[in-house]
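The residues making up each chain are set out below.
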Amino acid sequence: EDKVVQSPLSLVVHEGDTVTLNCSYEVTNFRSLLWYKQEKKAPTFLFMLTSSGIEKKSGRLSSILDKKELFSILNITATQTGDSAVYLCAVYGGAQKLVFGQGTRLTINP
Amino acid sequence: DARVTQTPRDKVTEMGQEVTMRCQPILGHNTVFWYRQTMMQGLELLAYFRNRAPLDDSGMPKDRFSAEMPDATLATLKIQPSEPRDSAVYFCASAPGLAGTEGDTQYFGPGTRLTVL
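Residues numbered from 1 in each chain as written. Chains lettered and ligands numbered in written order. Predicted model: local features only at pLDDT ≥ 70, side-chain atom pairs only at ≥ 80, totals over all residues. Heavy atoms only, no water.

Help me understand the state of the cysteines in this model?
Overall, the coordinates contain 2 disulfides over all chains when judged by the stated rule. What pairs with Cys23(A) in a disulfide is Cys89(A), and their sulfur atoms sit 1.9 Å apart. Measuring the twist about the S-S bond at about -65°, one finds the Cys23(A)-Cys89(A) disulfide to be left-handed. Of this pair, Cys23(A) sits in strand 3 (residues 19-26) while Cys89(A) sits in strand 9 (residues 85-92), placing them 66 residues apart in sequence. In this structure, Cys23(A) and Cys89(A) share a single accessibility class: buried. The partner cysteine of Cys23(B) in its disulfide is Cys92(B), sulfur to sulfur 1.9 Å. In this structure, the disulfide formed by Cys23(B) and Cys92(B) twists by about -60° around the S-S bond and is classed as left-handed. Here Cys92(B) lies in strand 9 (residues 88-95) and Cys23(B) lies in strand 3 (residues 19-24), a separation of 69 residues in the sequence. Considered together, Cys23(B) and Cys92(B) belong to a single accessibility category, that of buried residues. (Disulfide = S-S within 2.5 Å. Helix = DSSP H or I, 4+ residues; strand = E, 2+ residues; numbered from the N terminus. Buried < 20%, exposed > 50% of the residue type's maximum accessible area, 1.4 Å probe, protein only.)

What exactly am I supposed to notice about the environment of Pro8(B) here?
Residues and elements named next belong to chain B. Summarising the element assignment, Pro8 is placed in the loop between strand 1 (5-7) and strand 2 (10-13). We classify Pro8 as partly exposed; its relative accessible area is 28%. With 40 residues separating them in the primary sequence, Pro8 and Tyr48 have C-alpha atoms 20 Å apart. Non-local contacts of Pro8, meaning those with residues more than four positions away in its chain, are made with Thr20, Gly111 and Thr112. (Contact = heavy atoms within 4.5 Å.)

Would you take a moment to explain the pattern of salt bridges for this structure?
Opposite charge on two side chains permits pairing when their charged atoms draw close. Residues and elements named next belong to chain B. This model, assessed by the stated rule, comprises 7 salt bridges over all chains. Here Glu44 ties to Arg36 by a salt bridge, and the two come within 3.4 Å at their closest N and O atoms. Arg36 gets classed as buried once you look at its relative accessible area, which sits at 13%. The shortest N-O distance in the salt bridge between Lys62 and Asp57 comes to 3.5 Å. Looking at Asp57, the relative accessible area reads 30%, which means it is partly exposed. (Salt bridge = Lys/Arg side-chain N within 4 Å of Asp/Glu carboxyl O.)

Keep in mind these numbers describe shape, not what the thing actually does.
Written as structure tokens, this is what we have:
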């Protein structure tokens, strides 16, 4: 059964800190890994990763995939209170279904 | 600004009643997904369609849930009869469904918050 595990489940840091969120997966016929940010509403797309070792970057957020070790990390530098959200990792596997992790709830305190 | 739309945004109903949720995918997207999100279970995939054909509905309780795409601009999710445990936020998402992996990105609608009393 395809599985996606995120860690930590919850993280509280101070504004300005750098955080690293982890996502490990076990899926058949890996196709892509996606990161989403969910505040109070629907998830919004952040990154899609398909190749190992190529960093995707958007402002203070970046992500990289390791297909050999089956994990991805999402980094956020110089965190702001607006970064507070649940960050979801999801993987497309052999069944062409998107399997979601439990999410990491990130809280940024001023 | 293309986006997925869902109606209704909120629905409160009594146990045993039929509930119908509607979704309009982004124009040109050929893959549509229905998800359910609860605090306990997180985000779960219920069903998805490609080119209006159901590809997988294994996440859906078959006895009371049904999903259809009457046409390319409308997807529906019905619950009959509804039960209190169906209370959740139901998201619809659409994806381009292109041959390359760029088509994997899913765009979520705002969700329907369902409360079954």
